Amino acid sequence: MRYLAALVFGLLTTSSLAWASPDASEIFKLINERLGYMEDVALFKKQAGKPVEDVPRENTVIEKATLKARDEQLDPEFIAGFFRAQIDAAKAIQYRYLADWLSHPVDQEPRDLHKVVRPALLKLGNEITTDISEYLKEGNRFSNDQLKKFMTIVDVKNLSDSDKRRLFEKLQEIRRIQ
């Protein structure tokens, strides 16, 4: 009988772990991974002679994020604000890389923007949105006591503390549609 009880308990805990919502740290890691592509973006744009600012592309990213938000029952307005903050942080990172390269030229090849980077950014953006939705669906919230962990995990080079704080504030604003 003990064996049967242990087996049932083991199955219940194993299956519940498989369906557990992501924790905040996992979401923070995805945000960090997404911003980690900005060195490649900056280098690609530098080598192609393209500006950091690409308003039509930014609008496309926001539009796709809001569509995904609706699918995930998140308020599109707050997701748009969060993705706008990510775009602003991404541009700041790119500008800082470009400034660094003025005095320290770089000779590496970036990952292809169209074939590698943008598909990865889209995938990560979707994962972030889905994970935020699952996290909030479970009754969780992003609270001020998580800011220190966010600041530690989101550690991309050339991302300032003020950029991180703005990202976290926008993350805290995201709500599910009731």
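Above this text sits the structure in question.
These lines cover the structure that appears in this document, whether it is placed above or below. (Residues numbered from 1 in each chain as written. Predicted model: local features only at pLDDT ≥ 70, side-chain atom pairs only at ≥ 80, totals over all residues. Heavy atoms only, no water.)

## Comments concerning the side chain of Arg176
Item 1. Checked against the element boundaries, Arg176 lands in the segment after α8 (161–173).
Item 2. Buried charge without a salt bridge: Arg176, with Glu72 as the nearest opposite-charge side chain at an N-O distance of 5.9 Å.
Item 3. One polar contact links the side chain of Arg176 to the main-chain carbonyl oxygen of Glu72, over a distance of 3.1 Å.
Item 4. Of note is the side chain of Arg176, whose polar atom sits 2.5 Å from the side chain of Ser133.
Item 5. Excluding its chain neighbours within four sequence positions, the residues that come into contact with Arg176 are Glu72, Gln73, Leu74, Asp75, Ser133, Leu136 and Lys137. (Helix = DSSP H or I, 4+ residues; strand = E, 2+ residues; numbered from the N terminus. Buried < 20%, exposed > 50% of the residue type's maximum accessible area, 1.4 Å probe, protein only. Lys, Arg positive; Asp, Glu negative; His and termini not counted. Salt bridge = Lys/Arg side-chain N within 4 Å of Asp/Glu carboxyl O. Polar contact = N/O pair within 3.5 Å; in protein donor to acceptor, adjacent residues only side chain to side chain. Contact = heavy atoms within 4.5 Å.)

## Focus on the packing of aromatic side chains
Item 1. Tallied over the full model, the rule gives 7 aromatic pairs.
Item 2. Ring centres of Phe28 and Phe168 lie 6.2 Å apart, and the angle between their planes is 70°; on these two criteria the pair is classed as edge-to-face. With a gap of 140 residues between them, Phe28 in helix α2 (residues 24–35) and Phe168 in helix α8 connect regions that are remote in the sequence.
Item 3. Here Phe28 falls in the buried class, since its relative accessible area comes to 0%.
Item 4. Overall, Phe168 belongs to the buried group, its relative accessible area being 1%.
Item 5. Consider the rings of Phe150 and Phe168, whose centres lie 5.2 Å apart with planes at 50°: the pair is tilted. You can see Phe150 sitting in helix α7 (residues 147–153) and its partner Phe168 sitting in helix α8, a full 18 residues away along the chain.
Item 6. For Phe150, a relative accessible area of 0% translates into the label buried.
Item 7. Pairwise contacts between aromatic rings join Phe28, Tyr135, Phe142, Phe150 and Phe168 into one cluster. (Phe/Tyr/Trp six-rings, centres within 6.5 Å; stacked < 30°, edge-to-face > 60°.)

## Side note on the environment of Arg84
Item 1. Residue placement: Arg84 occurs in helix α5 (residues 76–103).
Item 2. Assessed through its relative accessible area of 26%, Arg84 is described here as partly exposed.
Item 3. Between the C-alpha atoms of Arg84 and Glu58, which are 26 residues apart in sequence, the distance is 8.2 Å.
Item 4. Setting aside residues up to four positions removed in sequence, Arg84 forms contacts with Glu58, Asn59, Ile62 and Arg166.

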